[in-house]
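Structure assessment
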Amino acid sequence: MNRKPMVLEMTTYHQHIPVLLNESVEGLITDKDGLYIDGTLGGGGHSKEILKHLGENGRLYGIDQDDEALEAASSNIGDDPRFTPIKGNFGYLSTLLPPQTHGQVAGILLDLGVSTHQIKEAERGFSFQEDGPLDMRMGNLSGVSAYQVVNEYEYEKLRDVIFHYGEEKQSRQIARAIIENRPIETTGELQSVVSSVVNKRFEVKSLARVFQGIRIEVNRELDMLKRVMEESLEVLKPGGRIVAISYHSLEDRIVKRFFKAGNFEGKVEKDFYGNPISPIKPVNKQVITPKKEEVSVNPASRSAKLRIAEKIEGGDS
Ligand SMILES: C[S@@+](CC[C@H](N)C(=O)[O-])C[C@H]1O[C@@H](n2cnc3c(N)ncnc32)[C@H](O)[C@@H]1O
């Protein structure tokens, strides 16, 4: 299988500095000749480092739903026979991987969220600091765009996206203001509408939260994260690891609970004798966060949380 991404006419790929690079790669690799998955290839920063640690029999599949990421990563990594890029959504991990790899994977890396490139490229519509079309789709595979969420969702649905996915308290006022100002065509227009109703002291935070909420809705990020957690157990071998870097509490809660219990309630089931029967166990007791030096060089890393877990023998989903 060799699904090379198509070559796009691209200007520049805005450089993405990989977050918690050493900590994540060290936590991931347990066998230098094993098979690994980078589920969030991006610019290939983590993948390149993983390949440095693998032997000549090691293999790496790099998944991303974004053509621009696949192209940038492929040129960053160069021609390496151990590396195969795959276009797709990691939520469908088991169908993206060849069946003979199921149960053979030694480690899966997930560096969640958006890349610096996606944020900085105004045309992608992720940023309230750049004026662009209301898009926010990470790949061209996902259904709705930010335009539809902003212009077509009814009041309750829009308010809930802003409240639950953006964790923004002024969700009601913001949803009402958006509806009153429809149609809203660009990120700049959305930014002005939101700014006109939020508390000025927290304006930037509120904008970030509203944009985050819409982005999570557009890309169904939490559903896909839950899917990839469950599908990981199908493809990992016993002792294989999942390494997840999350950037906000909604993601981190899903990862933490699943790593503890193998479910999203975080409640460990027990057998008849009271022994825990989770299919997975955390490797690091404490969450790993970036050191001060990393945050000063790369402020985008400031909210990162790294967790590592291991599939237990017999822990197939
Ligand atoms: C934070 S960036 C990864 C950066 C990468 N680790 C690096 O060092 O260059 C996240 C990437 O994951 C991709 N992504 C996010 N959710 C995805 C999903 N559900 N399926 C596939 N790719 C996804 C995004 O398109 C983006 O390119």
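Scoring rules and cut-offs
Residues numbered from 1 in each chain as written. Predicted model: local features only at pLDDT ≥ 70, side-chain atom pairs only at ≥ 80, totals over all residues. Heavy atoms only, no water. Domains from an automatic or database assignment. Contact = heavy atoms within 4.5 Å. Buried area = accessible area lost by both parts, 1.4 Å probe. Salt bridge = Lys/Arg side-chain N within 4 Å of Asp/Glu carboxyl O. Buried < 20%, exposed > 50% of the residue type's maximum accessible area, 1.4 Å probe, protein only. Helix = DSSP H or I, 4+ residues; strand = E, 2+ residues; numbered from the N terminus.

Brief notes about the domain arrangement of the protein chain
By domain assignment, the protein chain separates into domain 1 (21-117 + 221-311) and domain 2 (143-219). A C-alpha centroid distance of 30 Å is found between domain 1 and domain 2. Domain 1 puts nine residues into the contact, and the matching count from domain 2 is seven residues. Taken over both partners, the interface formed by domain 1 and domain 2 buries close to 730 Å², and the fraction arising from carbon and sulfur atoms is 49%.

Side note on the pattern of salt bridges
Two side chains carrying opposite charge are able to pair once their charged atoms lie near each other. Counting across every chain of the model gives 16 salt bridges. The salt bridge involving Lys 32 is made with Asp 33; its shortest N-O contact spans 3.9 Å. Asp 33 gets classed as partly exposed once you look at its relative accessible area, which sits at 34%. One salt bridge in this structure joins Arg 209 and Glu 168, with 2.9 Å as the shortest N-O distance. Of the two residues, Arg 209 sits in helix α10 (residues 203-219) while Glu 168 sits in the loop between α7 (155-165) and α8 (171-180), which places them 41 residues apart along the sequence. Since its relative accessible area comes to 27%, Arg 209 is described here as partly exposed. Several salt bridges converge on common partners, so that one network encompasses Asp 66, Glu 68 and Arg 124.

Notes on unusual backbone geometry
The linkage connecting Arg 182 with the following residue, Pro 183, adopts the cis geometry, with an omega of 0 degrees. Tracing the chain through its elements places Pro 183 in the loop between α8 and α9 (187-197). Positive phi is not limited to glycine here, since Glu 167 has a value of about 55 degrees. Its place among the elements puts Glu 167 in the loop between α7 and α8. On the accessibility criterion, Glu 167 (35% relative accessible area) is partly exposed. Within the chain, Arg 220 stands out as a residue other than glycine whose phi angle is a positive 45 degrees. Position of Arg 220 relative to the elements: it lies in the loop between α10 and α11 (221-235).

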